[in-house]
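Overview (structure and organization)
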Amino acid sequence: MSEEATVIESSVPQKRLVVTEIPGPRSREIHERRRAVVPPGVHSVLPVYIERSHDSILVDVDGNHLVDVCGGIGVTTIGHTDGAVVAAATEQLNKVTHTLFTMTPYEPYVQVAEHLAKHVPGSTPENPYKTLLMNSGAEAVENGVKIARKHTGRPGIAVLEHAYHGRTMLTSSMNHKAAPYALGYGPRAGDIYKAPNSYPLHDGLSGAEAAARTIAHLEKVAGAEDLACLVVEPIQGEGGFIVPADGYLPALAERCRANGIVFIADEVQAGMARTGTVFSIEQFGVEPDIVLSAKGIAGGLPLAGITGRAEIMDGSQPGGLGGTFGGNPVSCAAAVAVFEQIERENLLGEAKRIEASFTAGLNRLAEKYDSIAEVRGRGAMLAIEVVKPGTLEPDSKLVAQVIDFAASQGVVLLSTGIHNQGIRFLPSLKMSDELIDDVIGVLDEAFAAA
Ligand SMILES: *Cc1c(COP(=O)(O)O)cnc(C)c1O
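All residue numbers refer to positions counted from 1 along the written sequence of the respective chain. At least 70 in pLDDT is required for a residue's local features to be given in this predicted model, at least 80 for side-chain atom pairs to be given and counted, and no such filter applies to totals for whole chains, interfaces and linings, which use all residues. Hydrogens and water are ignored here; the side-chain numbers use all heavy atoms of the structure.

Attention now goes to the overall build of the protein chain. Only runs of H or I of at least four residues qualify as helices and only runs of E of at least two qualify as strands under DSSP, and these elements are numbered from the N terminus. For the protein chain, the helix and strand inventory stands at 15 helices and 15 strands. For the protein chain, the C-alpha atoms occupy an extent of roughly 60 × 60 × 45 Å along the three principal directions. Relative accessibility thresholds used throughout: buried, under 20% of the residue-type maximum; exposed, over 50%; partly exposed, between the two (1.4 Å probe, protein chains only). Scored against the burial criterion, the 450 residues of the protein chain give a buried share of 54%. Here, residues are in contact when the closest pair of their heavy atoms is within 4.5 Å. For the protein chain, long-range pairs separated by at least 24 residues make up 74% of all intrachain contacts whose partners lie at least 6 apart in sequence. As presented, the protein chain carries roughly 18,500 Å² of accessible surface, and 54% of it is formed by carbon and sulfur atoms. Of the charged side chains in the protein chain, 37 are positive and 54 negative; the average position of the first set lies 5 Å away from that of the second. The accessible surface values rely on the Shrake-Rupley method and a 1.4 Å probe; as for residues, cover is taken only from the protein chains in view. His is not counted, nor are the chain ends, whereas Lys and Arg count as positive and Asp and Glu as negative. Note that the charge is assigned to NZ on lysines, CZ on arginines, CG on aspartates and CD on glutamates.

To continue, consider the packing of helix 4 (residues 83-95) against helix 12 (residues 329-344). Any two packed helices are characterised by the angle at which their axes cross and by the distance between the axes. Between helix 4 and helix 12, whose axes approach to 8 Å, the crossing angle comes to 150°. Regarding the angle of helix 4 to helix 12, the classification is roughly antiparallel. By crossing handedness, the relation of helix 4 to helix 12 is classed as right-handed. Contacts between helix 4 and helix 12 pair Ala-84, Val-85, Ala-88, Ala-89, Gln-92 and Leu-93 from the former with Pro-329, Val-330, Ala-333, Ala-334, Ala-337, Val-338 and Gln-341 from the latter. Three classes are used: nonpolar for Ala, Val, Leu, Ile, Met, Phe, Trp, Tyr, Cys and Pro, charged for Asp, Glu, Lys and Arg, and polar for all others, with Gly counted as polar. Each residue belonging to the contact of helix 4 with helix 12 can be placed in one class, and the counts come to 11 nonpolar, 2 polar and no charged. Working convention: axes come from line fits to C-alpha atoms, limited for helices to the stretch in contact. Angles between N-to-C directions cover 0 to 180 degrees. Our angle categories are set so that under 35 degrees counts as roughly parallel, over 145 as roughly antiparallel, 65 to 115 as roughly perpendicular, and the remainder as oblique. Handedness of a helix crossing follows the sense of rotation of the near helix relative to the far helix, less than a right angle counterclockwise being left-handed and clockwise being right-handed.

Patch definition: residues with relative accessible area over 30% and no salt bridge; like charges joined within 9 Å; nonpolar side chains (Val, Leu, Ile, Met, Phe, Trp, Tyr) joined within 5 Å. Basic side-chain nitrogens of Lys or Arg form a salt bridge, by our definition, when they fall within 4 Å of a carboxyl oxygen of Asp or Glu. The grouping of Val-37, Val-38 and Val-42 at the surface amounts to a nonpolar patch, some 260 Å² of accessible area in total. One can find Val-38 in the loop between helix 2 (25-37) and strand 1 (50-54).

On to the environment of Asp-246. On the secondary structure map, Asp-246 appears in the loop between strand 7 (227-232) and helix 10 (248-258). The exposure class of Asp-246 is exposed, given its relative accessible area of 68%. Residues Asp-246 and Gln-283 lie 37 residues apart in sequence; the distance between their C-alpha atoms is 10 Å. Excluding residues that lie within four positions of it along the chain, Asp-246 makes contacts with Gly-207 and Ala-208.

Before going further, it helps to examine the sheet that holds strand 13 (residues 411-412). Spatially, 4 strands are ordered 1-2-3-13 in an open sheet, and the strand pairing comes out mixed. Every other strand in the sheet has two partners, leaving strand 1 and strand 13 as the edge strands with one partner each. Relative to strand 3 (residues 65-68), strand 2 (residues 57-60) is paired through 3 bridges, and the arrangement is antiparallel. Within strand 3, the residue paired with Leu-58 across the bridge is Leu-66. In the packing of helix 15 (residues 433-449) onto the sheet, the strands contacted are strand 2, strand 3 and strand 13, and the crossing angle to strand 3 comes to about 95°. In this analysis, strands are considered paired if DSSP registers two or more bridges between them.

As a rule of thumb, nonpolar side chains are buried together in soluble globular proteins. Side-chain atoms within 4.5 Å link the members of a nonpolar core, which is a set of buried Ala, Val, Leu, Ile, Met, Phe, Trp, Tyr and Cys residues. Counting 120 residues, the largest nonpolar core has Phe-263, Phe-358, Leu-362 and Phe-425 as its most contacted members. Per-element accounting of this core gives the leading share, 9 residues, to helix 12. Domain borders in the structure are assigned automatically or taken from a domain database. Formed jointly, this core draws a minimum of three residues from each of two domains, domain 1 (3-84 + 346-449) and domain 2 (88-342). Those residues in contact with Phe-263, other than ones at most four positions away along the chain, are Leu-230, Val-232, Leu-249, Leu-252, Ala-253, Cys-256, Ile-281, Val-286, Pro-288, Asp-289 and Ile-290. Core analysis: the next-biggest nonpolar cluster, separate from the first, contains 7 residues, Val-48, Leu-66, Cys-70 and Val-412 among them.

A few words on the state of the cysteines. The term disulfide is used for any two cysteine sulfur atoms that are within 2.5 Å. Evaluation of the coordinates by the stated rule reveals 0 disulfides. Between Cys-256, a cysteine without a disulfide, and Cys-229, which holds the nearest cysteine sulfur, the sulfur-to-sulfur distance is 8.8 Å. You can call Cys-256 buried: its relative accessible area is 4%.

Another point: helix 10. For helix 10, the full list of buried residues reads Tyr-248, Leu-249, Leu-252, Ala-253 and Cys-256. Along the axis of helix 10, the buried residues cluster in a sector spanning 125°; they form a single face. The exposed residues of helix 10 that point more than 90 degrees off its buried face are Arg-257 and Ala-258. For helix 10, the secondary structure elements touched by its buried residues are strand 5 (156-160), helix 9 (207-221), strand 7 and strand 8 (262-266). Directly beyond the C-terminal end of helix 10, a positive phi value near 65° is found at Gly-260. Directions pointing from the helix axis toward each C-beta atom define the arc.

This paragraph deals with the site of the ligand. It suffices for a single heavy atom of a residue to lie within 4 Å of a molecule or strand for the residue to be listed as near it. Surrounding the ligand, one finds Ser-136, Gly-137, Ala-138, Tyr-164, His-165, Gly-166, Glu-233, Asp-266, Val-268, Gln-269 and Lys-295. Under the rule applied, a polar contact is a pair of N or O atoms within 3.5 Å (in protein, one hydrogen donor and one hydrogen acceptor; residues adjacent in sequence only if both atoms are side-chain atoms). Within the side chain of Asp-266, an N or O atom sits 2.7 Å from a nitrogen atom of the ligand. Here Lys-295 contributes a side-chain N or O atom positioned 2.7 Å from an oxygen atom of the ligand. Relative to its unbound accessible area of 380 Å², the ligand is 84% covered by the protein chains. When its residues are assigned to classes, the shell around the ligand shows 3 nonpolar, 5 polar and 3 charged.

Strand pairing in a sheet is mediated by backbone hydrogen bonds. Such pairs are either parallel or antiparallel. The 7 strands are arranged 4-10-9-8-7-5-6 in an open sheet whose pairing can be described as mixed. Edge positions in the sheet fall to strand 4 (129-134) and strand 6 (192-195), since each of these pairs with one other strand and no more. Ignoring strand direction, the axes of neighbouring strands in this sheet form an average angle of 20°. Of the strand pairs in this sheet, strand 5 and strand 7 are connected by 3 bridges, and their pairing is parallel. Across the sheet, Gly-156 pairs through a bridge with Leu-227, a residue of strand 7.

The domain boundaries assigned to the protein chain delineate domain 1 (3-84 + 346-449) and domain 2 (88-342). Computed from C-alpha coordinates alone, the two centres of domain 1 and domain 2 are separated by 26 Å. Residue-level contacts link 36 residues of domain 1 with 35 residues of domain 2. Once two parts are put together, the accessible area they lose, assessed with a 1.4 Å probe and summed over both, is termed the buried area. Both faces considered, domain 1 and domain 2 share a buried interface measuring about 3,100 Å² in area, 57% of it formed by carbon and sulfur atoms. The largest contributions to the domain 1 side of the interface with domain 2 come from Arg-378, Met-381 and Ile-418, which together make up 25% of the buried area. Viewed at the interface, domain 2 and domain 1 are joined by 1 salt bridge. Across the pair Arg-424 and Glu-238 runs a salt bridge, and its minimum N-O distance is 2.8 Å. Of all the secondary-structure elements, those providing two or more residues to the side of domain 1 that touches domain 2 are helix 3 (71-74), helix 13 (347-368), strand 11 (372-378), strand 12 (381-386) and strand 15 (422-425). Considering only residue class, the side of domain 1 that touches domain 2 consists of 18 nonpolar, 10 polar and 8 charged.

Structure follows, in structure tokens:
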């Protein structure tokens with residue numbers, strides 16, 4: 001146990017407790033007020049209003065203790081209100097809350113860049129990686145594309161089917177799903193080329209075959225000499241936690257290298273220790289030109305990193321990159337606390353423990369229920385794909401029923417996949433095996449009830 005963690009005691013028992021129907025009366029009352037002042041485009045999947053949280057437990061305004069297996073979509077990777085993160089952010093908040101890094105800078109920004117340079121695969125003293133910090137995953141993608149265009153002098157952006165990269169004008173044009181992210185918000189950004197991905201359960205292709213298909217498609221629709229970058233989620237997040245076939249990503253990276261195309265790994269969801277390595281792409285043997293991080297990087301505070309080879313990152317003119325809040329000092333201090341814990345507390349090992357115990361439970365369910373076609377993922381980024389038995393047809397209705405049932409029992413789950421054909425599991429790396437068993441038990445009941 002770290003000093004910080006013993007100083008700040010866990011304020012919420014790590015146990016599920018349901019005391020009202022969910023959402024409870026107080027949540028419903030706030031939700032009514034919200035309807036009057038917040039537009040429906042900002043949708044809440046589970047309109048249960050949260051008052052407190054710690055590690056894996058959310059306490060709502062009605063006093064229910066919910067097990068959080070969504071983690072704000074993979075943000076609270078080291079748990080909610082982690083003691084060291086809260087202490088570091090509080091101290092920084094009292095020292096400097098904002099100066100604007102592009103005006104009068106501060107050290108925590110530099111520390112985060114140093115940590116990222118240390119962990120990004122490919123970064124060495126001879127081949128250093130440099131970092132620009134922003135606020136959100138979509139901003140990380142936007143800036144990665146800007147930097148790649150500047151470096152190559154080319155316009156084209158290649159992306160994969162089933163991809164998700166954000167909700168800004170450029171990134172919403174890069175997503176697989178137009179609805180709801182881009183529909184009606186056009187004109188969409190141009191020079192974006194979508195190619196088939198590797199989806200082993202559905203395409204049955206080897207990594208080499210899937211890569212050949214992706215490359216052939218891009219040759220036809222774009223042409224290598226027009227492409228600035230290929231943006232890839234090593235494990236696709238919103239797309240369904242799709243782990244590509246062996247050899248797929250190395251073949252794409254090789255193709256990019258041979259043609260001067262910047263290979264950008266969007267690790268916004270899969271990164272920051274979640275999959276058992278600091279960046280998931282390490283497990284596929286690829287050294288990307290640029291790595292994007294956000295979600296889990298600052299223990300719940302907004303921060304995003306664009307980390308790339310110096311010769312690529314150095315291509316932009318002073319003033320070409322940045323933003324008022326980019327690399328906020330409080331977020332940076334929190335991120336330093338996250339990196340220190342990853343290095344000090346074997347969180348990578350914890351991700352592997354979670355993979356072993358969660359996957360064992362999910363495999364038991366897959367044996368029992370024909371509707372679970374596959375259990376997949378890495379570390380604490382796991383999913384099941386739900387189908388009509390005997391087929392590979394998505395059963396999004398069953399997914400919704402299971403998620404609703406789990407919510408009524410105090411377990412917070414989220415769907416995944418372009419057809420909502422999966423349920424994803426993004427537990428805190430500190431979730432106990434006991435709590436994991438509890439979640440599996442609720443899932444079992446949910447499938448049985450449906
Ligand atoms: C969530 C996500 C984004 C967008 O991040 P925001 O912080 O919501 O803008 C981009 N890429 C991936 C892979 C994501 O999961």
